[in-house]
Amino acid sequence: MTSRTVTLLDVARTAGVSKSTASDALQGSGRVAEATRDRVRAVAEELGYRPNSAARRLRRSSTGAIGLHLPQTATRLDYYMNLAFGAVARAQEEGLDVVLLAPASTAGGASGPVASRVDGLLVIDPEVDDTAVPGLLDAGVPAVTGERYLGPTAAPTGAVICDNAASLTALLDHVTERGARRPAVLAPAGTSAWATALRATAASWGQEHGVDVALRTVPFAATPGEAEETTLALLRTVPAVDAVICAPDGAAPGVLRAAAALGRTVGTASGRTVGETGTPPPTVGEAGTPRTGAPRRTLGETGAHLRTPLLVASCVDGAAPRSAEPPVTAVDLRPSAYGRACAELLCDILAGRTPPDTVRRHAWALETRESTATPT
């Protein structure tokens, strides 16, 4: 076959395999037995087969890059920056670059240009009202979401999810075990799976435990100032609140400032001031076991509430909770590892190591600190 150009079909016929198997064997992808892979490569070398790299790139949409779409608020949140670094590190191990997709480049149905620049997409915390997401999920390349997409359009090729209901349940159980009887949750607004799960869990946990959970909605990326303003209004309106769980990344210091402004000591609800004991070890897992049948309880006069310490916790760990005074109990969502997990699933799907429609779970850890410390 030296009188004309040797094609992939020639290699496949000579090796006795299908054209797709020959392609996978030569590119090191797919689920091909090692013996078959060696035979195909030997045949290709014997026949003098030279792949047309331009045609192969066109057929397989091989650009050597994947796209990363983050929420518009991501630029000022440590969580998403750490997640992005984790995704980049994992993609580089696969020989892939990561293209950060600006909102303007993906909105308004511009999925065609996006698909021509990348082999696959990572869409993190997709919101139903993000106009870019439907086009990304229907762009013609594999797309993996970080958290589920709750919108009505095409489903992603794969997803990596956290049990966000379990993490908030663990926080509510934790502050209750530390003495809180009237917890409050500053839940994020928005239509992402994370925000939706936290709002629903705050309500369902209160019903299950017979506790009035004071639920307040704050912006998805609330600043410490916005958290402070909301907490001040909350504690003045419902002074019986003795624990505040703040959802948005980096906003918990605002809750501490509000407590200080109202003369509320932050620490265990039994009355011990913070700083008397070390930090307990972290609890790793999906959720604590809920306690049922807890009675409703309303404390006495306003003056008593002002003397009641306030427990403070965060749904997202990071530099702000760790460096606060006192350090704040928080859920460590392990964002760098989460970014790696999302990129790894996409790489596995692109390489044929994992079938489409795969959903993987990502573990979190509850880090308990002085803001909910136990008595000695």
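Residues numbered from 1 in each chain as written. Predicted model: local features only at pLDDT ≥ 70, side-chain atom pairs only at ≥ 80, totals over all residues. Heavy atoms only, no water.

A. Structural detail: helix α9 (residues 164–177). End to end, α9 covers 20 Å across 14 residues, agreeing with the expected 20 Å (1.5 Å per residue, within 8%). A large share of α9 lies buried, amounting to 12 of its 14 residues. Along α9, the positions that sit buried rather than exposed are Asn164, Ala166, Ser167, Leu168, Thr169, Ala170, Leu171, Leu172, Asp173, His174, Val175 and Thr176. In this fold, the buried residues of α9 make contact with β6 (183–188), α10 (193–209), β8 (243–246), β10 (311–314), β11 (329–332) and β13 (364–367). (Helix = DSSP H or I, 4+ residues; strand = E, 2+ residues; numbered from the N terminus. Expected span 1.5 Å × (residues − 1). Buried < 20%, exposed > 50% of the residue type's maximum accessible area, 1.4 Å probe, protein only. Contact = heavy atoms within 4.5 Å.)

B. Inspection of the environment of valine 141 at higher detail. Relative to the elements of secondary structure, valine 141 occurs in the loop between α8 (133–137) and β4 (143–146). Taking the C-alpha atoms as reference points, valine 141 and valine 118, 23 residues apart in sequence, are found 8.0 Å from one another.

C. Structural detail: the packing of aromatic side chains. In total, this model carries 2 aromatic pairs according to the counting rule given. Ring geometry for tyrosine 79 and tyrosine 80: centres 5.0 Å apart, planes at 85°, overall edge-to-face. In this pair, the class of tyrosine 79 matches that of tyrosine 80, namely buried. (Phe/Tyr/Trp six-rings, centres within 6.5 Å; stacked < 30°, edge-to-face > 60°.)

D. Main features of the confidence of the model for the chain. Across the chain, the average pLDDT comes to 84, with 81% of residues at or above 70. The low-confidence segment residues 53–59, where pLDDT is below 50, has 4 contacts with residues more than four positions distant or belonging to other chains. Note that pLDDT drops below 50 for residues 107–111; the model gives that stretch 6 contacts with residues more than four away or on any other chain. (pLDDT = per-residue confidence, 0-100.)

E. Summary view of the sheet that holds strand β5 (residues 158–161). If you trace the 6 strands from one edge of the open sheet to the other, you get β2-β1-β3-β4-β5-β12, paired in parallel fashion. With partners counted over all chains shown, the strands left at the sheet margins are β2 (97–100) and β12 (358–361), one partner each. Along the sheet, successive strands turn relative to each other by an average axial angle of 20°, direction set aside. With respect to the sheet, helix α15 (residues 335–350) is in contact with β1 (65–69), β3 (120–124), β4, β5 and β12, its orientation differing from that of β5 by roughly 160°. (Pairing = 2+ DSSP bridges. Axes fitted to C-alpha atoms, helices over the stretch in contact; angles between N-to-C directions.)

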